[in-house]
Protein chains: 2
Amino acid sequence: MNPERTPARQHTVRQHNLALVLRQVAAGGPLSRARIASATGLTKATVSSLVDDLVHAGLLTELGPEARGVVGRPGSDLELNRSRYAGLGLEVNVDYVAVCVADLAGDARHLRILAGDNRRHSPNQVLARAVRIARTAMAAAGAAGLEVVGLAIALPGLVEAGEGRLRVAPNLGWTDVPVVDYLASRIEAGLLPIMVDNEANLAALGELWFGGHGDLASFVHVSGEIGVGGGIVIDRELFRGVQGFAGELGHVTVQADGPPCRCGARGCLEQVAGQEAILRAAGLHAEAGTRGGQPAGSVAELLSRARAGEPRVLEAIEAAGRALGIAVAAAVNLVAPEAVVLGGLYTVLEPWLRGPLTAELQRRAIGLRWSPVRVLASRLGPEAAVRGAAGAVVREVLSSPGAVLKTLTPTGS
Amino acid sequence: MNPERTPARQHTVRQHNLALVLRQVAAGGPLSRARIASATGLTKATVSSLVDDLVHAGLLTELGPEARGVVGRPGSDLELNRSRYAGLGLEVNVDYVAVCVADLAGDARHLRILAGDNRRHSPNQVLARAVRIARTAMAAAGAAGLEVVGLAIALPGLVEAGEGRLRVAPNLGWTDVPVVDYLASRIEAGLLPIMVDNEANLAALGELWFGGHGDLASFVHVSGEIGVGGGIVIDRELFRGVQGFAGELGHVTVQADGPPCRCGARGCLEQVAGQEAILRAAGLHAEAGTRGGQPAGSVAELLSRARAGEPRVLEAIEAAGRALGIAVAAAVNLVAPEAVVLGGLYTVLEPWLRGPLTAELQRRAIGLRWSPVRVLASRLGPEAAVRGAAGAVVREVLSSPGAVLKTLTPTGS
């Protein structure tokens, strides 16, 4: 073995083991050193050394009053330190921007969704708004003693994550926006590279991590916004396809000669079941001004009229449900997931959507009699993507603690 | 360590290493023992011992005249033994049955496709026909010195592989047929359990293994038959979904209020682009009797009229191409593969299908400008599924050589 390579190799092994210990505690904590050792196959001495570094770095913390000031006490339980580091998630969608600060356990410690039609502004204007709410969130995190170590942003379009660019967001009318460069020159967001992803991908990850679907290994997440996003989770991982473009359920054709879509096609799901299509069909689109602080034609108005049983509103939601059923059936026929999770706008519309959606799905998905697919409403609703973005940063810290630990000297194997 | 478990563990390690050596030779042979050792990380002594067993068992063979009778000679190259064991593939489709014998390299040594409308017969009558052609193929294999060690059967419907049953084949009108029990009681097909799978899945595997797509890691295979089958390959593996029901492209909706399908839905792809739909639209369906030995309304007739430029025939194929484009665009939007491979009937219709299919795909698949998808014609055509079935048996032998080697005593690690 080349002796010059040995230190690098030991360093790599230690990084791997640090992440292994973190992952064990994240998945099953609180855990004692002894239980970490038996779960990982590492020796107790190695675990103690790794845990000391992780506690010292502020990634793990010891439970119980008897552990205070006694770092290294073998009997005390360890859990993720929720008081030191945080991930920052941003979302730019068509009619809102959102921000979330999540601690190492993924819990949202600060979350804001600000409505506003981003189609009326340039990419730079909208991103400047995202920067402002990010700074406010970081200040709030700082006041709570949390240090933001990384940032991920969710965008409503095709994203080239490696290049940090938004390729196209049809509903915003944006093409080729260097989002990461813009943010990196304006926000000092910690130790990790800025991450960027499709909002539907991050919403699916948000559902996977924080949606309470512990029993589901595979599902299709459908989020209704102005556009309709889809994210496919297989074996508890996001399925990305070539260049991360998988899961574009909103552009599955539901009416071959249907209304034109901003993507250039006709009869895409989002032209029939997207937020604006539903509002328009419900007769709410043309209203001007505001009503009770909400923009007219808003989702709140739609909901109150649906609850009042207004026929035109119920028909509009039912038509959306049928279209969703056709597109979801295509996804079920092709991907065969265990469940479909209705997110975004569809979370609140679920009581009215479920009937027509399920009827079309039962009719059009060929395997359903032998392999039933559950239709679930998200518990996160429109928060899924921004929580997924913050969660993606936290996951990065837990899987690669090296960025946080880089000031520490390796002390063992 | 419990000493009673040591032999079993050594046995398992040896099984693993035998498969590792086989896989290396299958992927990169011919290979010398020294190159196998460096590629696998095993010692040369271990490789020599493993290779001796594999040569003795008839799974590997030594190349070159100087190696004859000198088993264990370190310098001679090794390759898969193509003269000893074979896999048997069967296919029951709607209008044909097929059989293939493949040697350990996957090469088809015997292949027959027998036309005949299986809808006119009971499951037992059709399976009896499959048994007859299987016996004929096994006799042919035996005459060539090949021993059939396993059997896999491809079926045009939803299959529960674990239970060996066909759940439903809408185009045959079959439900819940215990295919494996039927075959197992009538064919002595060697050492391995009988395998059963969806014909579209096995066709996609046939394409992956034998289709000459060495550069493709992910593709959607579309096979046109009476039904339309789909198989999704991701990272060079078949994507099965829950219970193996993924890839049902033939039942993706292309016209929400289109013609009724045997599955119970309306406007499924196969009702617009399946073989009978094309023949009917081309005006070839109603003809009775035969013409030149081919059944009237056959694919041969369709092809000759297309070549002659008959407008109704060209319009029928073009309509099928547009429908294919809509369904394939759904698959591309959802799964984002590198390529789409046109198989079965579509292989020969590809010159006419490509234009309308590609036009719809370009229009409806949102990521295509940034992530082009290749549209390829299969080189295997209707042989893909039965070759995949025979190949699946061969893969099983190569990945689990224990069944073939069970008469040998372990001789090392």
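Residues numbered from 1 in each chain as written. Chains lettered and ligands numbered in written order. Predicted model: local features only at pLDDT ≥ 70, side-chain atom pairs only at ≥ 80, totals over all residues. Heavy atoms only, no water.

## Some thoughts on the overall build of chain A
In terms of regular secondary structure, chain A is built from 13 helices and 17 strands. For chain A, contacts bridging at least 24 residues in sequence account for 64% of all contacts bridging at least 6. (Helix = DSSP H or I, 4+ residues; strand = E, 2+ residues; numbered from the N terminus. Contact = heavy atoms within 4.5 Å.)

## Observations regarding empty space enclosed by the protein
Residues and elements named next belong to chain B. Summed over the entire model, instances satisfying the criterion amount to 6 cavities of 30 Å³ or more. As a volume, the largest cavity reaches approximately 180 Å³. Taken together, 21 residues form the lining of the largest cavity, with Pro156, Gly157, Val228, Glu248 and Glu270 sitting closest to its centre. Those elements giving two or more residues to the lining of the largest cavity turn out to be α6 (199-210) and β12 (228-234). Here the element with the most residues in the lining of the largest cavity is β12; it accounts for 3 residues. A breakdown of the residues in the lining of the largest cavity according to their chemical character gives 8 nonpolar, 10 polar and 3 charged. (1 Å grid on protein atoms, 1.4 Å probe; cavity = no way out; pocket = protein on both sides within 12 Å on 5 of 7 lines; lining within 4 Å. Points joined across faces, edges and corners; volume = space filled by probe spheres on them. Nonpolar A, V, L, I, M, F, W, Y, C, P; charged D, E, K, R; others polar.)

## With respect to the sheet that holds strand β7 (residues 158-160) of chain B
Residues and elements named next belong to chain B. Strand order in the open sheet made by the 3 strands is β7-β8-β9, with antiparallel pairing throughout. Both edges of this open sheet fall to β7 and β9 (174-177), since each of them pairs with a single strand only. Within the sheet, the average angular offset between the axes of one strand and its neighbour, ignoring direction, is 15°. Of the strand pairs in this sheet, β7 and strand β8 (residues 165-169) are connected by 3 bridges, and their pairing is antiparallel. Counterpart to Glu160 in the pairing with β8 is Arg165. (Pairing = 2+ DSSP bridges. Axes fitted to C-alpha atoms, helices over the stretch in contact; angles between N-to-C directions.)

## Some thoughts on the pattern of salt bridges
Residue and element names in this part refer to chain B. Enumeration according to the criterion identifies 40 salt bridges over all chains in this entry. We note a salt bridge from Glu360 to Arg363, for which the minimum N-O separation is 3.7 Å. In this pair, Glu360 and Arg363 both sit in helix α11 (residues 345-364), 3 residues apart, roughly one turn of the helix. Measuring nitrogen to oxygen at the nearest pair gives 2.7 Å for the salt bridge that ties Arg364 to Glu360. (Salt bridge = Lys/Arg side-chain N within 4 Å of Asp/Glu carboxyl O.)

## Concerning the relation of the copies chain B and chain A
Relative to chain A, chain B is turned by 180° and slid 0.0 Å along the rotation axis, the superposed coordinates differing by an RMSD of 0.1 Å. Such a turn and shift between the copies fits a two-fold axis. Here 100% of the contact residues of chain B are again contact residues in chain A; the copies associate through an equivalent surface. (Least-squares fit on C-alpha atoms with pLDDT ≥ 70 in both.)

## A word on the pairing of strand β4 (residues 96-103) of chain A
All names here are of chain A. Counting buried residues in β4 gives 8 out of 8 residues, a clear majority hidden from the surface. Side chains Tyr96, Ala98, Cys100 and Ala102 project from β4 onto one buried face, and the interleaved Val97, Val99, Val101 and Asp103 project onto a second face that is buried too. In this sheet, β4 lies alongside strand β3 (residues 85-92) in antiparallel orientation, the contact comprising 7 bridges. In the sheet register, Gly87 faces β4, and the bridge partner there is Ala102. Joining the antiparallel neighbours β3 and β4 is a turn of 3 residues. Relative to strand β5 (residues 108-115), β4 runs antiparallel, the two sharing 7 bridges. Note on β5: the bridge partner recorded for Tyr96 is Ala115. Hairpin connection from β4 to β5: 4 residues lie between these consecutive antiparallel strands, with Gly106 at a positive phi of about 90°. (Buried < 20%, exposed > 50% of the residue type's maximum accessible area, 1.4 Å probe, protein only.)

## Focus on the sheet that holds β5 of chain A
All names here are of chain A. Across the sheet, 5 strands lie side by side as β5-β4-β3-β6-β10; this open sheet has mixed pairing. A strand with exactly one partner marks an edge of an open sheet, and here the two such strands are β5 and β10 (195-198). Shown here is a sheet whose adjacent strand axes are inclined to one another by a mean of 15°, direction ignored. Direction of pairing for strand β6 (residues 147-155) relative to β10: parallel, over a ladder of 4 bridges.

## As for the environment of Glu207 of chain B
Residues and elements named next belong to chain B. Among the structural elements, Glu207 can be located in helix α6. Judged by relative accessible area, Glu207 falls into the buried class, the value being 0%. Considering only alpha carbons, one finds Glu207 and Arg387, 180 residues apart in sequence, at a separation of 8.7 Å. Apart from the residues within four sequence positions on either side, Glu207 is in contact with Gly212, His213, Phe219, His221, Val341, Ser378, Arg379, Leu380, Gly381 and Ala384. Looking at Glu207, its side chain comes within polar contact range of the side chain of Ser378, at 2.2 Å. (Polar contact = N/O pair within 3.5 Å; in protein donor to acceptor, adjacent residues only side chain to side chain.)

## Here we look at the packing of helix α9 (residues 299-307) of chain B against α11 of chain B
All names here are of chain B. At a minimum axis separation of 11 Å, α9 and α11 run at an interaxial angle of 10°. It follows that α9 is roughly parallel to α11 by the angle criterion. Residues Val299, Leu302, Leu303, Ala306 and Arg307 of α9 lie in contact with α11, whose contacting residues are Leu345, Val348, Leu349 and Trp352. Taken together, the residues that form the contact of α9 with α11 break down as 8 nonpolar, no polar and 1 charged. (Parallel < 35°, antiparallel > 145°, perpendicular 65-115°, else oblique.)

## What to know about the side chain of Ser223 of chain B
Tracing the chain through its elements places Ser223 of chain B in strand β11 (residues 219-224). Apart from the residues within four sequence positions on either side, Ser223 of chain B is in contact with Glu199, Val228, Gly229, Gly343, Gly344 and Tyr346 of chain B.

## Concerning the confidence of the model for chain A
All names here are of chain A. For chain A, mean pLDDT is 89; residues scoring 70 or higher make up 90% of the total. Mean pLDDT in chain A bottoms out at strand β14 (residues 290-291), which sits at 46, and peaks at helix α10 (residues 311-335), which reaches 97. Considering only residues more than four positions removed or in separate chains, one finds that residues 1-8, a stretch of pLDDT under 50, has 2 contacts. Taken together, the chains of this predicted complex give a pTM of 0.87 and an interface ipTM of 0.86. (pLDDT = per-residue confidence, 0-100.)

## Here we look at the environment of Leu334 of chain A
Residue and element names in this part refer to chain A. Looking at where Leu334 falls in the secondary structure, it is placed in helix α10. The exposure class assigned to Leu334 is buried, which follows from its relative accessible area of 1%. Remark: the alpha-carbon pair of Leu334 and Leu353, spanning 19 residues in sequence, is separated by 22 Å.

## Topic: the packing of aromatic side chains
Residues and elements named next belong to chain A. Tallied over the entire structure, the rule returns 2 aromatic pairs over all chains. Judged by centre distance (6.1 Å) and plane angle (70°), the ring pair of Trp209 and Phe210 falls under edge-to-face. Judged by its relative accessible area of 22%, Trp209 falls in the partly exposed class. The ring centre of Tyr182 lies 3.6 Å from the NZ or CZ of Arg186, which sits over that ring. The ring of Phe210 has Arg387 sitting right over it, with the charged end atom 4.7 Å from the ring centre. (Phe/Tyr/Trp six-rings, centres within 6.5 Å; stacked < 30°, edge-to-face > 60°. Lys NZ or Arg CZ within 6 Å of the ring centre and 35° of its normal.)

## Looking at helix α2 (residues 33-40) of chain A
Residue and element names in this part refer to chain A. Listed in full, the buried residues belonging to α2 are Arg33, Ile36, Ala37 and Thr40. In a view along the axis of α2, the buried residues occupy a sector of 100°, so they form one face of it. Exposed residues lying more than 90 degrees from the buried face of α2 are Arg35 and Ser38. Positive phi shows up at Gly41, right after α2, with a value of about 80°. (Arc of directions from axis to C-beta.)

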